[in-house]
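For reference, the chains in residue letters:
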Amino acid sequence: MIKERIKIPILFLAGGAIYGLVEILARGWTHISMFIVGGICFILIGGMNQYIKRDIPIAAQMLISAGIITLLELITGVIVNLWLGLEVWDYSHQNFNFLGQICLHATSLWVFLSLAGIVIDDFARCRMFGEERVSYRLLP
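Remember, predicted model here, so these are calculated numbers, not experimental data. (Residues numbered from 1 in each chain as written. Predicted model: local features only at pLDDT ≥ 70, side-chain atom pairs only at ≥ 80, totals over all residues. Heavy atoms only, no water.)

Q: Residues and numbers for the packing of helix H2 (residues 32–52) against helix H4 (residues 104–129), please.
A: Remark: H2 packs on H4, axes separated minimally by 9 Å, with the N-to-C direction vectors making an angle of 65°. Crossing of H2 over H4 shows right-handed handedness. Across the interface between the two elements, Phe42, Ile43, Ile45, Gly46, Gly47, Asn49, Gln50 and Tyr51 from H2 touch Gly117, Ile118, Ile120, Asp121, Asp122 and Arg125 from H4. Among the residues making up the contact of H2 with H4, the classes are represented as 6 nonpolar, 5 polar and 3 charged. (Axes fitted to C-alpha atoms, helices over the stretch in contact; angles between N-to-C directions. Helix = DSSP H or I, 4+ residues; strand = E, 2+ residues; numbered from the N terminus. Left-handed = near helix turned anticlockwise from the far one by under 90°. Contact = heavy atoms within 4.5 Å. Nonpolar A, V, L, I, M, F, W, Y, C, P; charged D, E, K, R; others polar.)

Set out below in structure tokens:
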């Protein structure tokens, strides 16, 4: 079906655009690597409800999402900032940072921002691709 073929690319583009917009609003600019990370994160975060298990409490989804985003930022940071030297971001001035690529402060922000990503992804999958509507529970 055509919808299935275009679903992942559309979600990737939407996630990349949203992530880039968050970066522009937060610090005034972004980088193409952040678009790519955002697209991948959006697909993975949305996949929790669609491909893993539909009854994961929203609080757990938010924590898992923050972990996914943080891990992808670490991988991307090592490649883009440390190996290629592009200096897209540097958290070395933050407490509890790792290699200057991730930090506890940013991860805690992702916990809360991921709620928007989860809801937007679920809404898009329901409205655009006819997937089942998701109902949320805060706790198990």
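Q: Which residues make up the nonpolar core, and what values do they have?
A: Soluble globular proteins tend to pack their nonpolar side chains together in the buried interior. By size, the foremost hydrophobic cluster in this structure holds 22 residues, and its most contacted members are Tyr19, Val37, Cys41, Ile45, Ile69 and Trp110. Breaking this core down by element, the ones donating at least two residues are H2, helix H3 (58–83) and H4. If one sorts the elements of this core by residue count, H3 sits on top with 7 residues. Those residues in contact with isoleucine 45 that lie beyond four places of it in its chain are Ser65, Ile69 and Ile118. (Core = buried A, V, L, I, M, F, W, Y, C linked by side-chain atoms within 4.5 Å. Buried < 20%, exposed > 50% of the residue type's maximum accessible area, 1.4 Å probe, protein only.)

Q: How would you summarise the pattern of salt bridges if you had to cite specific residues and measurements?
A: Under the definition given, this model contains 4 salt bridges. In this structure, glutamate 23 and arginine 27 form a salt bridge, with 3.0 Å as the shortest nitrogen-oxygen distance. Of the two residues, glutamate 23 and arginine 27 are both situated in helix H1 (residues 2–27); the distance of 4 residues between them amounts to about one turn of the helix. Taking relative accessible area as the criterion, arginine 27 reaches 31% and is therefore assigned partly exposed. When the shortest N-O distance is used, the salt bridge between arginine 125 and aspartate 121 registers 2.8 Å. (Salt bridge = Lys/Arg side-chain N within 4 Å of Asp/Glu carboxyl O.)

Q: Requested: an account of the packing of H2 against H3, with residues and values cited.
A: H3 packs onto H2 with a crossing angle of 150° between their chain directions and a minimal axis gap of 10 Å. With respect to their mutual orientation, H2 and H3 come out roughly antiparallel. For the element pair H2 and H3, the recorded crossing hand is right-handed. Residues Ser33, Met34, Val37, Ile40, Cys41, Leu44, Ile45, Met48 and Asn49 of H2 pack against Gln61, Ile64, Ser65, Ile68, Ile69, Leu72, Glu73, Thr76 and Val80 of H3. (Parallel < 35°, antiparallel > 145°, perpendicular 65-115°, else oblique.)

Q: Now, about a nonpolar patch on the surface: what can you tell me, with residues and values included?
A: On the surface, Leu71, Ile75, Ile79, Leu82, Trp83, Leu84, Leu86, Phe98 and Leu99 cluster together into a nonpolar patch covering about 940 Å² of accessible area. By the secondary structure assignment, leucine 86 is in the loop between H3 and strand S1 (97–98). On the accessibility criterion, leucine 86 (46% relative accessible area) is partly exposed. (Patch = residues over 30% accessible without salt bridge, like charges linked within 9 Å, V, L, I, M, F, W, Y side chains within 5 Å. Areas by Shrake-Rupley, 256 points an atom, 1.4 Å probe, with all protein chains shown as cover.)

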